[in-house]
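Architecture and fold: a report
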Amino acid sequence: MLNSTLPIYFDPRKYASHEMTLEGQIPLNKFKALCSALASDIGDVVVHLSFKVDDGRYIATGSLKVQVQILCQRCMQPAPYDLAIDLAIGFVYDEEHAKSLPDDYDPVIMTDGEVVLAHMVEEELILALPVVAYHDESGCNPVALKYASSTDEAADDEQKPNPFSILAQLKAK
Ligand SMILES: [Zn+2]
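Summarised in this report is the structure supplied together with it. Remember, predicted model here, so these are calculated numbers, not experimental data.

Rules used throughout
- Per chain, residue numbering runs from 1 following the sequence as it is written.
- A pLDDT threshold of at least 70 governs which residues receive local features in this predicted model, and a stricter bar of 80 or more applies before side-chain atom pairs are shown or counted, although totals over entire chains, interfaces and linings include all residues.
- Excluded from the side-chain calculation are hydrogens and water; included are all heavy atoms of the structure.
- Because no water is among the atoms considered, metal sites can look incomplete, with donors defined as N, O and S atoms within 2.8 Å of the metal, or 3.2 Å for Na, K and Ca.
- Here a site with four donors is tetrahedral if all angles are between 85 and 135 degrees, and a site with four or six donors is square planar or octahedral if opposite donors are over 155 degrees apart and the other angles are between 65 and 115; anything else gets the irregular label.
- Strands pair, by our definition, only if DSSP identifies at least two bridges between them.
- Runs of H or I in DSSP of at least four residues are treated as helices and runs of E of at least two as strands, each being numbered from the N terminus.
- When two rings of Phe, Tyr or Trp (its six-membered ring) have centres within 6.5 Å they constitute a pair, described as stacked for plane angles under 30 degrees, edge-to-face for angles over 60, and tilted for the intermediate range.
- Per-residue accessibility, obtained with a 1.4 Å probe over protein chains only, is compared with the maximum for each type, and a residue is labelled buried under 20%, exposed over 50%, and partly exposed between these values.

1. Describing the coordination of the zinc ion
Coordination angles at a metal have ideal targets, namely 109.5 degrees for four tetrahedral donors and 90 or 180 degrees for six octahedral donors. Binding of the zinc ion to the protein goes through C72 (SG), C75 (SG), H135 (ND1) and C140 (SG), at separations of 2.0 to 2.4 Å. Because the angles between the 4 donor atoms bound to the zinc ion fall within 101 to 116°, the donor set is best described as tetrahedral.

Structure follows, in structure tokens:
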């Protein structure tokens, strides 16, 4: 049932008390901050969350899955990257309450007893983004790669002396 409609807001206490499940997809282009770090906003985030009350706490476990496009730092072309995040969330009332949560759970603060689903999902996705991304070995765009590396080398040759040749000169003196 991946096409069921996801709520914009949800009350974790209600979901946990009834042991409900949230399943559905959110288009990537709903996440403006996330998309500013991506090479494309095309795709859907598959959300799966199961709620329960555990030891008096409101808990959700599940996953987020989406393939995003990130600029490859070798050829500067979009490279696919699979984000697959396992979630274990504890819903809390405030920062102080969050401190009482076991380490196994990421705290998410409820505002007026509710959580904005998209905000929560976007935060988790941004935290899981890699700092830099590359294509797999030999997956780079050959034309773009040739251009990127040849301009790099030219700039290096013309502007910067090779640090190793400077060391060699120092040693020779
Ligand atoms: Zn590449």
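We are not done yet, so read on.
2. Thoughts on the pairing of strand 4 (residues 57-71)
Two strands pair when backbone bridges link them, and strand 3 (residues 44-54) and strand 4 are joined in this way by 9 bridges, in the antiparallel orientation. When the sheet's bridge partners are listed, V53 is paired in strand 4 with Y58. The turn joining strand 3 and strand 4, which pair antiparallel and follow one another in sequence, is formed by 2 residues; a positive phi near 55° is taken by D55. Turn length for the strand 4-strand 5 (residues 78-92) hairpin, with the two strands adjacent in sequence and antiparallel, is 6 residues, and the turn residue M76 shows positive phi of about 60°.

3. Examining the packing of aromatic side chains
Following the criterion strictly, the structure yields 5 aromatic pairs and no others. With 5.7 Å between their ring centres and 70° between their planes, F10 and Y15 make a pair best called edge-to-face. Each member of the pair, F10 as well as Y15, is classed as buried. Judged by centre distance (5.8 Å) and plane angle (90°), the ring pair of F10 and F91 falls under edge-to-face. A residue pair is termed long-range when its members are at least 10 positions apart, and F10 in strand 1 (residues 9-10) and F91 in strand 5 qualify at 81 residues. Note on accessibility: F10 and F91 belong to one class, buried. Taken together, the ring pairs connect F10, Y15, F51 and F91 into an aromatic cluster.

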